[in-house]
Structure formats: C-alpha cells, structure tokens
Amino acid sequence: MKLIFLCPDKNQVFESAAYRLIENHGIVENRSGEKYLDAKVELMESCPYCGQTHIFHANELMCPLTGAD
C-alpha cells in the first residue's frame, strides 16, 4: 500500500510504498480517550524532491484513501 508523504524541506506531496514502521508502540489511547498509532514511518528510499531519507510520526501522514490529514 502506498502512503502519502509531504517533504518537509520542499513542501511537496509524494506517494511511496517503500517505507517501514519503526518505534512501533501499537495503538494507544490519549487522555481524551482517542486512539492513535504510536509509531514512526521511515522511508526506505530517498525523497524524490530533496534526496533525503525522512522519518515521520504516523500522525503526520495523510490518509491514503482520501488525501486528508
């Protein structure tokens, strides 16, 4: 499955299926009772816009189905 990423340096959106979960603590619940994935997503290839390998918190990614935050 491709995920949607935003290059933090060039502010450009791109898709990639070359990623892996790191620091995965699973689904956790905050004080308000909302559940979220406590993990980071690491790109396994260079960003097409800046050439770096980025790491994102899972909550920074856009929904791959709708493109929404």
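Refer to the preceding data block for the structure.
These numbers were taken from a predicted model, which means no experiment stands behind them. (Residues numbered from 1 in each chain as written. Predicted model: local features only at pLDDT ≥ 70, side-chain atom pairs only at ≥ 80, totals over all residues. Heavy atoms only, no water.)

Q: Is there a simple way to explain the overall build of the protein chain in this structure?
A: Check the secondary structure of the protein chain and you find 0 helices and 7 strands. Out of the 69 residues belonging to the protein chain, those deemed buried represent 26%. (Helix = DSSP H or I, 4+ residues; strand = E, 2+ residues; numbered from the N terminus. Buried < 20%, exposed > 50% of the residue type's maximum accessible area, 1.4 Å probe, protein only.)

Q: Looking at this structure, I do not really get the pairing of strand β6 (residues 40-43). What am I missing?
A: Each regular strand displays side chains that alternate between the two surfaces of the sheet. Here strand β3 (residues 19-22) runs beside β6; their pairing, made up of 4 bridges, is antiparallel. Bridge pairing in β6 places Ile22 opposite Lys40. Bridge count between β6 and strand β7 (residues 55-57): 3 bridges; the pairing is antiparallel. When the sheet's bridge partners are listed, Lys40 is paired in β7 with His57. (Pairing = 2+ DSSP bridges.)

Q: Sorry, what's going on with unusual backbone geometry here?
A: With glycine set apart, most residues show a phi of negative sign, and most peptide bonds adopt trans. Even without being glycine, Asn11 reaches a positive phi, approximately 55°. With respect to the secondary-structure elements, Asn11 resides in the loop between β1 (3-6) and β2 (13-16). Here the phi dihedral of Glu23 falls at roughly 45°; this positive angle occurs in a residue that is not glycine. Residue position: Glu23 is located in the loop between β3 and β4 (27-29). With a relative accessible area of 48%, Glu23 lands in the partly exposed category.

Q: Explain the nonpolar core here, please?
A: The nonpolar side chains of a soluble globular protein tend to be buried, and buried together. Within the largest apolar cluster, 9 residues are counted, these being Leu3, Phe5, Cys7, Phe14, Val41, Leu43, Cys47, Phe56 and Leu61. Residue assignment for this core shows that the elements contributing at least two residues are β1 and β6. In contact with Val41, not counting residues within four places along its chain, are Leu3, Phe5, Tyr19, Arg20, Leu21, His54, Ile55, Phe56 and Leu61. (Core = buried A, V, L, I, M, F, W, Y, C linked by side-chain atoms within 4.5 Å. Contact = heavy atoms within 4.5 Å.)

Q: Whenever I open this one, the pattern of salt bridges confuses me. Can you help?
A: Any two side chains of opposite charge can pair, given that their charged atoms come close. The full count for this structure, using the stated rule, is 2 salt bridges. A salt bridge links Glu42 to Arg20, with the nearest nitrogen and oxygen atoms 2.6 Å apart. Note that Glu42 is positioned in strand β6 and Arg20 in strand β3, a separation of 22 residues in sequence. For Glu42, a relative accessible area of 17% translates into the label buried. The residue Lys40 makes a salt bridge to Glu23 at a minimum N-O spacing of 3.4 Å. Of this pair, Lys40 sits in strand β6 while Glu23 sits in the loop between β3 and β4, placing them 17 residues apart in sequence. (Salt bridge = Lys/Arg side-chain N within 4 Å of Asp/Glu carboxyl O.)

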